[in-house]
Amino acid sequence: MTVQTHRLKNGLRIVTEHMPGLKSASVGIWVNAGGRHERIEQNGIAHFLEHMAFKGTARRSSVQIAEAIEDVGGYINAYTSREMTAYYARVLQGDVPLALDVISDIVLNSVFDPAEIEVERGVILSEIGQTLDTPDDIIFDWLQEVSYPGQAIGRSILGPEERVAHFQKTDLSQFVREHYSPDQMVLAAAGAVDHAEILRQCEDIFGDLTARAQAQVTPAQFQGGNQRLTGKQRHQFAQGRMGGLQWNGTQYEVRAL
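Let us look at the structure shown here. Residue numbers run consecutively from 1 along every chain, following the written order of its sequence. The predicted nature of this model means local features are confined to residues of pLDDT at least 70 and side-chain atom pairs, given and counted, to a pLDDT of 80 or more, with totals for whole chains, interfaces and linings taken over all residues. Derived side-chain values reflect all non-hydrogen atoms in the structure, with water molecules and hydrogen atoms excluded from consideration.

1. Examining the packing of aromatic side chains
Remark: the centre distance and the inter-plane angle together describe each pair of aromatic rings, the angle taken between the planes. Rules: Any two rings among Phe, Tyr and Trp, with Trp reduced to its six-membered ring, count as a pair given centres within 6.5 Å; such a pair is stacked if its planes are under 30 degrees apart, edge-to-face if over 60, and tilted if neither. Counting from the N terminus, the helices are DSSP H or I runs at least four residues long and the strands are E runs at least two residues long. Accessible area is worked out with a 1.4 Å probe on protein chains only. A residue is then buried under 20% of its type maximum, exposed over 50%, and partly exposed in between.
Applying the stated criterion to the full structure yields five aromatic pairs. Where F48 meets F167, the ring centres are 5.9 Å apart and the plane angle is 80 degrees; that geometry is what we call edge-to-face. Of this pair, F48 sits in helix α1 (residues 45-52) while F167 sits in the loop between α6 (161-164) and α7 (169-179), and the two are 119 residues apart along the sequence. With respect to burial, F48 and F167 carry one shared label: buried. Summarising the aromatic geometry, the rings of Y87 and Y180 are spaced 6.5 Å apart at their centres and angled 65 degrees between planes, so their arrangement reads as edge-to-face. Linking Y87 in strand β5 (residues 85-92) with Y180 in the loop between α7 and β6 (185-191), this pair joins segments that are 93 residues apart in sequence. Relative accessible area serves as the criterion here: at 1%, Y87 is assigned to the buried category.

2. Considerations on the pairing of β5
If a strand is regular, its side chains alternate between the two faces of the sheet. Formally: Only strands that DSSP links by at least two bridges are regarded as paired with each other.
Among the eight residues of β5, six are classified as buried, and the element is accordingly described as predominantly covered. Strand direction decides the pairing type here: strand β3 (residues 24-31) and β5, joined by eight bridges, are antiparallel. Its bridge partner being in β5, S24 is matched across the sheet by L92. Bridge count for strand β4 (residues 75-80) against β5 is six bridges, and the pairing is antiparallel. Its bridge partner being in β5, Y79 is matched across the sheet by A86. Linkage of β4 to β5, two consecutive antiparallel strands, is achieved through a turn of four residues.

3. Describing the pairing of strand β2 (residues 13-18)
Across six bridges, the pairing between strand β1 (residues 2-7) and β2 is antiparallel. Bridging from a neighbouring strand, T5 pairs with V15 of β2. Taking the residues that link successive antiparallel strands as the turn, the β1-β2 hairpin has five residues, and the phi of G11 there is positive, at about 100 degrees. Where β2 lies against β6, six bridges are found, and the strand directions are parallel. Among the inter-strand pairings, H18 is bridged to a residue of β6, identified as G191.

Encoded structure:
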């Protein structure tokens with residue numbers, strides 16, 4: 001197995017690994033735009049943008065995006081972390097060009113239809129509510145907040161309800177302009193892929209894009225400490241080596257050591 005890399009003139013990095021014997025492949029775009037890249041008034045927008053990527057582009061409706069991959073037996077998805085947002089697909093060998101075309105389309109050409117924004121707003125607000133009601137989910141947000149207080153990397157990926165409730169098309173477009181620059185992207189493909197063909201297609205799709213100046217990300221400063229939260233729930237559980245949450249009969253205590 002051999003990993004091959006290439007960087008376009010605009011900074012887009014391309015990484016491929018041909019794996020002999022495989023008849024399928026994974027293709028994705030990783031964007032250097034996650035929760036830690038958000039200003040406080042943007043908290044949650046990277047995740048909101050990930051949802052909106054599947055809701056229509058200038059070339060495809062949301063149905064067409066899903067059908068383009070699913071009709072060939074493929075799988076398409078995305079996720080947001082504090083460090084990045086990823087969009088990826090898994091397809092058979094002959095459908096790698098299709099997968100790359102669809103993934104690049106949703107990353108570069110999403111239209112952010114206002115009606116779809118309202119639909120996804122409801123989905124995300126429900127997701128936030130479910131997380132708040134799930135101790136083994138919310139504890140990680142509390143731990144991160146205690147570990148990195150007052151910093152972007154310490155804030156929730158989903159964002160607070162009061163901010164998510166007011167994001168509009170202009171906010172999403174602004175975040176894309178700020179962070180979705182080719183020099184902030186890595187296109188990776190592995191499996192039954194041909195490096196030269198991937199490179200040719202990337203030149204066609206991304207070659208004319210221009211790199212943009214990026215704001216510097218403030219280095220994370222671990223502080224640790226504890227946070228006490230009152231509530232009626234009487235769960236008791238601990239998490240990992242870095243910290244945990246415990247109910248002492250009257251309140252929760254979150255520790256980051």
